[in-house]
Amino acid sequence: KGVAAASTDRIIMHDADMVSPGNYTSYVFNTLNNHDACHLGSTVIYTNHDTMVGINSSGLIDNKSTCDRVVGYYEGGSIACKIKTFWAVGAFNEDYHGYGCEDCDFYARLSGGSDWIEDRIFDFLHLWHSRVAGWDIHHRTNKAIEEQLKTKTINERIDIQHNKLMAAGYHEQIARCCND
């Protein structure tokens, strides 16, 4: 619903618990002048609890920050595309619930079904937070959904999503992106 109500022709789907560099948004905007979609994140640096508390109280990130881990490859977190492309690849799959895999599924359809660039040049700082009870149950269920979808081609996955979107009332968005 949020993308359907967007007032721009481009969107960034960025996890709320990640801090990006100051020039990230303008770089994404300029990248989308030449491509339909992009993933520009290089690494995610996960803060520990004390560092997160310090950042939240001071509003500053400094060289005293302590991190628990660094993840060098990930498929979600911050993906950008043109609105038309979002609908063309089938938007987000609403079959996923709770934590995990929904962004990996979207990433697969976006990277395989659009004019995509993957230029992993930006590092993000992930603010520490605990996991909600039962997150692992959702994650296992979501992983099973993802594994089933991986047996299909990208075009089949996009068609499945288009059918779901049409059934959910997004006829106009699908017609606009796919009939031009």
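Residues numbered from 1 in each chain as written. Predicted model: local features only at pLDDT ≥ 70, side-chain atom pairs only at ≥ 80, totals over all residues. Heavy atoms only, no water.

Chemist: Before we move on, can you summarise the overall build of the chain with the specific residues and values?
Modeler: From N to C terminus, the chain includes seven helices and six strands. Secondary structure elements of the chain, listed N to C terminal, follow the sequence β-β-α-β-α-β-β-α-α-β-α-α-α. Its C-alpha radius of gyration of 17 Å places the chain within 12% of the 16 Å reference for a compact globule of 180 residues. Residues counted as buried form 38% of the 180 residues belonging to the chain. (Helix = DSSP H or I, 4+ residues; strand = E, 2+ residues; numbered from the N terminus. Rg over C-alpha atoms; globule rule 2.2 N^0.38 Å. Buried < 20%, exposed > 50% of the residue type's maximum accessible area, 1.4 Å probe, protein only.)

Chemist: Tell me what's going on with the side chain of Thr-31, and back it up with residues and numbers.
Modeler: Counting through the fold element by element, Thr-31 comes out in helix 1 (residues 24-31). For Thr-31, the residues in contact, after removing those within four places along its chain, are Cys-38, Leu-40 and Ile-117. (Contact = heavy atoms within 4.5 Å.)

Chemist: Explain the environment of His-39 to me, and be specific about the residues and the numbers.
Modeler: Relative to the elements of secondary structure, His-39 occurs in strand 3 (residues 37-47). Assessed through its relative accessible area of 0%, His-39 is described here as buried. Residues His-39 and Trp-87, 48 residues apart in the sequence, show an inter-C-alpha distance of 17 Å. Once you skip the residues sitting within four places of it in the chain, His-39 turns out to touch Tyr-74, Glu-75, Gly-76, Ser-78, Ile-79, Tyr-107, Trp-116, Ile-117, Glu-118, Asp-119 and Arg-120. Here the side chain of His-39 touches Tyr-74 through a polar contact of 3.5 Å, landing on its backbone oxygen. (Polar contact = N/O pair within 3.5 Å; in protein donor to acceptor, adjacent residues only side chain to side chain.)

Chemist: Any chance you could break down the pattern of salt bridges for me, citing the residues and the numbers?
Modeler: Applying the stated criterion across every chain yields a total of ten salt bridges. For Lys-164, the salt bridge identified is with Asp-95, shortest N-O distance 2.2 Å. Linking Lys-164 in helix 6 (residues 154-167) with Asp-95 in the loop between helix 3 (83-88) and helix 4 (102-112), this pair joins segments that are 69 residues apart in sequence. Under the relative-accessibility criterion, Lys-164 is labelled partly exposed at 31%. Notably, a salt bridge pairs Lys-143 with Glu-146, separated by 3.1 Å at the nearest N-O pair. Residue Lys-143 and its partner Glu-146 are located together in helix 5 (residues 135-149), separated by three residues, close to a single helical turn. Residue classification places Lys-143 among the partly exposed positions, given a relative accessible area of 35%. Taking relative accessible area as the criterion, Glu-146 reaches 4% and is therefore assigned buried. One salt-bridge network, held together by shared partners, links Asp-105, Arg-109 and Arg-157. (Salt bridge = Lys/Arg side-chain N within 4 Å of Asp/Glu carboxyl O.)

Chemist: Account for helix 5, with residues named and values stated.
Modeler: The end-to-end C-alpha distance of helix 5 is 21 Å, a good match for the 21 Å that 15 residues give at a rise of 1.5 Å each. Looking only at helix 5, the buried set comprises Asn-142, Glu-146 and Leu-149. Along the axis of helix 5, the buried positions cluster into a sector of 55 degrees, meaning they face one direction only. If you follow the buried residues of helix 5, they end up packed against helix 4 and helix 6. (Expected span 1.5 Å × (residues − 1). Arc of directions from axis to C-beta.)

Chemist: Lay out unusual backbone geometry in plain terms, naming residues and giving numbers.
Modeler: Phi angles above zero are rare outside glycine, and Ala-91 is one such case at about 55 degrees. One non-glycine residue with positive phi stands out, namely Cys-101, at about 80 degrees. Position of Cys-101 among the secondary structure elements: in the loop between helix 3 and helix 4.

Chemist: Provide a residue-level description of the packing of helix 6 against helix 7 (residues 171-178), including the pertinent values.
Modeler: At a minimum axis distance of 8 Å, the contact between helix 6 and helix 7 shows a crossing angle of 140 degrees. As judged from the angle between their axes, helix 6 and helix 7 are oblique. Listed contacts from helix 7 to His-162, Leu-165 and Met-166 of helix 6 are His-171, Ile-174 and Cys-178. Class assignment of the residues belonging to the contact of helix 6 with helix 7 gives a composition of four nonpolar, two polar and no charged. (Axes fitted to C-alpha atoms, helices over the stretch in contact; angles between N-to-C directions. Parallel < 35°, antiparallel > 145°, perpendicular 65-115°, else oblique. Nonpolar A, V, L, I, M, F, W, Y, C, P; charged D, E, K, R; others polar.)

By themselves, these are just geometric observations and shouldn't be taken as functional.
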